[in-house]
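Structural description and commentary
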Amino acid sequence: MSIDTLWYTRCPVPTPLGIAFQQGWLQDAFRPDGITVRSLQDTADPALRESHFDHTLAHSFRQGGNIPAIWARARGATTRVIGLSWTDEFQGIVTLPGSGIADITGLRGRRLGLPKHAISIDFTRAAALKGYESALALEAIGLHEVELVDLRDPPPDEQGDQPLYPSPFGGGRRHGYLNEVQALLRGEVDAVFVKGVLGLQTVHMLGAHVVTDLGRHPDPLVRNGNGTPRTLTVDQALIDARPDLIARFLGQVVAAGEWALAHPHDAVAYIGRETDASDEWVRYAYGRNVHTQLQTDLAATSIAGLKTFKDFLLRHGFLTADVDIDAWIDPAPLAALSERTRRIFA
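Summary of the structure given here. (Residues numbered from 1 in each chain as written. Predicted model: local features only at pLDDT ≥ 70, side-chain atom pairs only at ≥ 80, totals over all residues. Heavy atoms only, no water.)

**Topic: the sheet that holds strand 3 (residues 60–65)**
Read across the open sheet, the five strands follow the order 2-1-3-12-4; overall the sheet is mixed. Edge positions in the open sheet fall to strand 2 (36–39) and strand 4 (79–85), since each of these has one partner strand only. Between one strand and the next, the sheet's axes are offset by a mean angle of 20 degrees, whatever the strand orientation. (Pairing = 2+ DSSP bridges. Helix = DSSP H or I, 4+ residues; strand = E, 2+ residues; numbered from the N terminus. Axes fitted to C-alpha atoms, helices over the stretch in contact; angles between N-to-C directions.)

**A word on the pairing of strand 3**
Most of strand 3 sits inside the fold, with six of its six residues counted as buried. Looking at chain direction, strand 1 (residues 5–10) and strand 3 are connected through four bridges and run parallel. Counted as the bridge partner of Arg10 is Gln63 from strand 3. One ladder, built from five bridges, connects strand 3 with strand 12 (residues 230–235); its direction is antiparallel. Within strand 12, the residue paired with Gly64 across the bridge is Thr231. (Buried < 20%, exposed > 50% of the residue type's maximum accessible area, 1.4 Å probe, protein only.)

**Examining the packing of aromatic side chains**
Within this structure, the stated rule accounts for ten aromatic pairs. Between the aromatic rings of Tyr8 and Phe21, the centroid separation amounts to 5.6 Å while the plane-to-plane angle is 45 degrees, which identifies the pairing as tilted. Here the residue Tyr8 occupies a position in strand 1, and Phe21 occupies one in helix 1 (residues 16–22), the gap between them amounting to 13 residues. Overall, Tyr8 belongs to the buried group, its relative accessible area being 1%. One aromatic cluster in this structure is built from Trp25, Trp259 and Tyr270. (Phe/Tyr/Trp six-rings, centres within 6.5 Å; stacked < 30°, edge-to-face > 60°.)

**Describing the sheet that holds strand 11 (residues 209–213)**
The strands making up a sheet associate through hydrogen bonds between their backbones, and the pairing can be parallel or antiparallel. In spatial order, the strands read 10-5-11; together these three strands make up an open sheet with antiparallel pairing. Looking along the sheet, the strands with just one partner apiece sit at the ends: strand 10 (192–195) and strand 11. Taking each pair of neighbouring strands and ignoring which way they run, the sheet shows an average axis angle of 35 degrees. Bridge analysis of strand 5 (residues 91–95) against strand 10 gives four bridges, and the strand direction is antiparallel. Bridging across to strand 10, Val94 finds its partner in Val192. Together, strand 5, strand 10 and strand 11 form the strand contacts of helix 6 (residues 123–137), whose direction differs from that of strand 10 by roughly 110 degrees. Sheet contacts for helix 8 (residues 196–206): strand 5, strand 10 and strand 11; angle to strand 10, the most-contacted strand, approximately 125 degrees. (Contact = heavy atoms within 4.5 Å.)

**Observations regarding the side chain of Thr212**
Tracing the backbone through its elements, the reader meets Thr212 in strand 11. Setting aside anything within four residues of it in sequence, one finds Thr212 in contact with Gln91, Gly92, Ile93, Ile104 and Ala135.

**Overview of the environment of Leu232**
The residue Leu232 is located in strand 12 in this model. Residue class for Leu232 comes out buried when judged on its relative accessible area of 0%. As for Leu232 and Arg73, which are separated by 159 residues in sequence, their C-alpha atoms are 13 Å apart. Once residues lying within four places of it in the same chain are set aside, the contact partners of Leu232 are Arg62, Gln63, Arg80, Val81, Ile82, Gly83, Leu250, Val253 and Thr296.

**Description of the side chain of Glu89**
Position of Glu89 relative to the elements: it lies in the loop between strand 4 and strand 5. With relative accessibility at 4%, the residue Glu89 sits in the buried group. A polar contact is formed between the side chain of Glu89 and the side chain of Lys195, at a distance of 3.0 Å. Leaving out residues up to four positions away in the same chain, Glu89 has contacts with Lys195, Gly196, Asp213, Gly215, Gly227, Arg230, Ala285 and Tyr286. (Polar contact = N/O pair within 3.5 Å; in protein donor to acceptor, adjacent residues only side chain to side chain.)

**Structural notes on the environment of Pro12**
Residue position: Pro12 is located in the loop between strand 1 and helix 1. By relative accessible area, which is 33% here, Pro12 ends up partly exposed. Taking the C-alpha atoms as reference points, Pro12 and His209, 197 residues apart in sequence, are found 26 Å from one another.

This is the structure:
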């Protein structure tokens with residue numbers, strides 16, 4: 001198969017794919033063959049951009065949150081998982097000062113805000129619900145013992161002059177936790193779920209109380225969320241037609257994780273560009289050793305986390321069909337990746 005363009009997409013979070021792109025490795029690796037490597041974030045075509053969620057674009061790779069990847073597979077997308085990465089992050093349930101909620105037990109009977117966005121797969125809603133379920137389970141509290149309050153986006157004609165913030169991928173965006181902040185300040189909910197850099201910045205902006213940070217729990221399956229693990233997926237047709245291109249692309253992503261181990265300060269700076277945050281916020285949200293958590297592999301813990309999260313999504317109606325995780329994972333490309341196909345860095 002003759003291919004002149006490869007597509008990729010990643011989320012504005014720590015990923016080795018993001019680092020490989022920023023350093024120009026992907027472009028360099030395919031330039032000798034006249035293959036252009038393009039990012040979905042660089043196109044304004046809404047149909048192409050939607051592939052970030054439904055992964056329908058041929059000859060495309062995606063490394064990011066597992067919710068859209070699982071959802072796309074459940075809808076019949078012919079994708080395969082060729083790698084997983086696990087980068088722990090801040091995952092907090094927070095309240096305003098004076099709420100009277102000191103710990104998880106104080107959430108029983110309270111109103112918990114649940115985002116509800118009009119998008120193809122509401123990954124923020126799923127992530128928040130998983131956070132609530134995991135936290136409450138630590139104190140043997142069921143979701144039926146709290147009140148889940150939908151936090152919907154206002155109609156466009158009612159949004160007024162809400163400011164748009166620059167996206168690291170171009171264009172503008174609403175503050176990711178605007179609905180949660182407004183609901184807290186209006187007294188419509190007692191607690192909300194926030195995560196990552198933006199979540200911590202929101203905590204500090206509000207002077208909020210962190211009821212619990214799941215990202216610090218010792219059990220990885222409690223830390224299990226949309227980003228733990230993150231999936232690296234590719235369309236099956238490309239695997240079948242050009243396994244050599246799969247190996248070359250995967251080699252650059254794996255090498256980026258190895259490079260980060262030896263270049264912690266530079267790795268944090270690259271993550272900051274992806275997340276639109278300073279080095280200090282990156283280390284605060286993802287830990288001082290974030291550079292050690294950018295490996296792409298198929299670790300048993302990551303596979304277990306992927307299965308656990310899939311079961312959660314199915315149980316709560318986010319999926320239209322079940323997904324056989326073991327059948328979805330293709331270990332062959334990673335297993336065939338020899339040392340000479342990886343970049344070696346001092």
